[in-house]
There are 2 protein chains.
Amino acid sequence: MADKPAATAATQEGQARAKMGAVKMDDIARMAGVSKSTVSRALSGSPLVNEETRARIQALVESHSYRVDTRAQGLRKGHTHTIAVVIPLLHEHDQPISDPFFLELLGHIADAVADHGYDLLLSKIGPGRTDGMADLVDTGRVDGLIAIGQSTAHLGLERLAARGMPLVVWGAQLPEQHYVTVGSDNRAGAERAVAHLIAQERRRIVFLGQRTVPEIRLRHEGYVAALAAAGIEPDPALDVPTRFASAAALTAMRSLICGGASFDAVFACSDVIAISAIRALQDQGLKVPEDVAVVGYDDIQMAAFYNPALTTVRQDTATGGRLLVDLLFAQIAGRTARSVMLPTELVVRASSGAALSGTTTPGSR
Amino acid sequence: MADKPAATAATQEGQARAKMGAVKMDDIARMAGVSKSTVSRALSGSPLVNEETRARIQALVESHSYRVDTRAQGLRKGHTHTIAVVIPLLHEHDQPISDPFFLELLGHIADAVADHGYDLLLSKIGPGRTDGMADLVDTGRVDGLIAIGQSTAHLGLERLAARGMPLVVWGAQLPEQHYVTVGSDNRAGAERAVAHLIAQERRRIVFLGQRTVPEIRLRHEGYVAALAAAGIEPDPALDVPTRFASAAALTAMRSLICGGASFDAVFACSDVIAISAIRALQDQGLKVPEDVAVVGYDDIQMAAFYNPALTTVRQDTATGGRLLVDLLFAQIAGRTARSVMLPTELVVRASSGAALSGTTTPGSR
DNA sequence: GTGAAAGCGCTAACAA
DNA sequence: TTGTTAGCGCTTTCAC
């Protein structure tokens, strides 16, 4: 009977361990014959703790695979060690839009955040709901926010920034704007793309994108500027709004064609839109780039693999993602951060027709 | 001078508010003239609190836009209200692979998680590092894990499951496996796809995918089964391993072609791979589907927009994502969950050549 | 170099 | 119906 309590205890201990995370700092302290404080110091690399003691503690920690509870740690230290990424339009009409551009950017953000030793909370709150974004930090869930795309939330974002909330947004730099943004030079990128089309002897160029989005509005300005430089007046009939989803772009393009509009080129505001547009064109028996030249935007990985390969404006997601994160951490650290506009690069491939009069990839018609 | 302290206080209060989340439950309690506990009860909808009191508290909460600190709440209640999604290969050689299939699934998972009122932590720890996955819950950061793809981590996942960690993985259901999975019927899906190819009079069918991944191994079994049913013996020369990245698939396909292999169809293990393969084929002057029929896997949104439109095996990410989450919550709630294998559907489009002898989309060559 | 004690902001017995 | 009292697991003065 003397054994019974021991056995029971063992069992309980076993159950406790099975039920996870059961061993806590106090337990380690007891086993090491020191106090909780010493363990805490040892684990945080304090120089005040005896080397021998530290080693003993370390060993215990390893053998019991103890991990400090970051939740409790954060509560005490006043931070969360996690930042939130808010993606707009992760769903549109309950459907994922799944634009590869987002994943690429997200991937780089995830990398950078991990490099800082932080966790990443992914939120599907659209930027339209800035109150939800505020909640994320007000409820102590994250230390700062990255919003991908400002969409229609400009005012809400201004409000958050005014409240002193650490926040960086991927998007356009608007005049009089107080939150910090990272984004490509939309105006210049679009202008260069359209100028390239014009250089291919195209004059009636469709603008495919929704100007309610700030970035798209800037691209439209670039489009107009390029036309103006060539003495072409923009035709309102060729201004075709569309959302970023493939289906929407397909529909928009289709109705343009069936409406009998005449055009010889398309500037699409994303590669996904461009691809859908090409599909629509080919479905109607039009050849790309012979009949209609097409330029996209983003340079998603698939752009090079599409058929025809897509001429497009590259957005550098690698440095963009890293910048987003660095600027956010600067704010969290109390430093001031300034918006950055990334340069943009035109990648010429087959879809714009330029390759026809020059180096053509064998077999790429 | 009587005003001075007041002014200072106001400023300090202002600063405090600006510095965020400054107002806490105690403050609300004091203002409402009740105790912290009453506020807590009121906010959690306890029926024990007086309606009039609750209203008063509610008003204070609104006007001060107070939000309970979920981190402290979680510490006390013993949960985190967040679950982690671990994505394999979010980066490969430091490059995002950005397979749209992942984003689609992730989007649906995000939806389902949000419906449960939970947050979603995105981790780039590959499934190879199951210790890192364990840390996520051991350090109290999340209540459970969803791994997308088991990849090479089968044993590690088994260990986690054995430890009683709430865990669901998207992938193949392996024999003798103890963790719960959700995935499509890879074997049947592949078999149907290959049978379809055979029905188009194709006999020399390339298998494009890496069999070290469990799901792919099952698809290969389906491939072999379909061939066997038609009395065709699999040719090792047509078994072409490739990773999921576009570039890798392109290279693999190219070297197959240049190696002089003879084949009339390709079964690709993902749509991204299929698209890259088609690019490689066309670059070499081969026509799809006339010379080579191609079938993909996943049915990503772009599949329908590719040129030629892709015949593919659809994986239902919507119900898959929801199932993943539901099964995880079942485990967290202490219920037992059983693995689910989703049925699979062959979506026939132009790339497999079937449309040639029937309804062809106009202009789709 | 180490320990005791006081919280971080919240919830949950237990009283009243 | 409400208040009081303990903590959740950790860090950090302040003593020794």
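Residues numbered from 1 in each chain as written. Chains lettered and ligands numbered in written order. Predicted model: local features only at pLDDT ≥ 70, side-chain atom pairs only at ≥ 80, totals over all residues. Heavy atoms only, no water.

**Q** A description of the domain arrangement of chain A should follow, citing residues and the corresponding values.
**A** Residues and elements named next belong to chain A. According to the domain assignment, chain A contains domain 1 (30–68), domain 2 (82–184 + 318–343) and domain 3 (186–315). With 16 residues of domain 2 in contact, the opposing surface of domain 3 contributes 15 residues. Surface buried jointly by domain 2 and domain 3 totals about 1400 Å² across both partners, of which 56% is contributed by carbon and sulfur atoms. Run the count over domain 2 and domain 3 and you get zero salt bridges. Counting across the domain 2 and domain 3 interface gives four residue pairs in polar contact (both at pLDDT 80 or more). Each residue belonging to the side of domain 2 that touches domain 3 can be placed in one class, and the counts come to seven nonpolar, six polar and three charged. (Domains from an automatic or database assignment. Contact = heavy atoms within 4.5 Å. Buried area = accessible area lost by both parts, 1.4 Å probe. Salt bridge = Lys/Arg side-chain N within 4 Å of Asp/Glu carboxyl O. Polar contact = N/O pair within 3.5 Å; in protein donor to acceptor, adjacent residues only side chain to side chain. Nonpolar A, V, L, I, M, F, W, Y, C, P; charged D, E, K, R; others polar.)

**Q** Hey, could you go over the relation of the copies chain A and chain B for me, with residue numbers and the actual values?
**A** When chain A is fitted to chain B, the residual RMSD is 0.1 Å, and the transformation amounts to a turn of 180 degrees plus an axial shift of 0.0 Å. Look at the turn and shift together and you get a two-fold axis relating the two. Minimal C-alpha separation from the rotation axis in chain A is found for A:L121, amounting to 2.2 Å. Comparing interface residues between copies, 99% of those in chain A also lie at the interface in chain B; the contact surface is shared. (Least-squares fit on C-alpha atoms with pLDDT ≥ 70 in both.)

**Q** Any chance you could break down the nonpolar core for me, citing the residues and the numbers?
**A** In this structure, A:F267 and B:F267 are the most contacted members of the largest nonpolar core, which totals 156 residues. The next biggest cluster of nonpolar side chains, apart from the first, holds 40 residues, and it includes A:A84, A:A172, A:L174 and B:A147. (Core = buried A, V, L, I, M, F, W, Y, C linked by side-chain atoms within 4.5 Å. Buried < 20%, exposed > 50% of the residue type's maximum accessible area, 1.4 Å probe, protein only.)

**Q** Explain the interface of chain A and chain B residue by residue, including any values.
**A** Quoted interface sizes are often the accessible area lost when the parts come together. Counting from both sides, the interface comprises 69 residues of chain A and, opposite them, 68 residues of chain B. With both sides pooled, the region where chain A packs onto chain B buries about 6000 Å², and carbon together with sulfur makes up 59% of that total. Looking at the side of chain A facing chain B, the largest losses of area belong to A:R71, A:L103 and A:F305, adding up to 13% of the total buried there. Among the ionic pairs, B:R67 bridges to A:D135, the shortest N-O distance being 2.7 Å. Where chain A meets chain B, there are 17 residue pairs in polar contact (both at pLDDT 80 or more). Sorting the residues of the side of chain A that touches chain B by element identifies α5 (70–77), α6 (100–115), β4 (119–123), α7 (130–138), α11 (246–258) and α12 (271–283) of chain A as the ones contributing at least two each. The element contributing the most residues to the side of chain A that touches chain B is α6(A), with nine residues. In the side of chain A that touches chain B, the residues fall into 30 nonpolar, 23 polar and 16 charged. (Helix = DSSP H or I, 4+ residues; strand = E, 2+ residues; numbered from the N terminus.)

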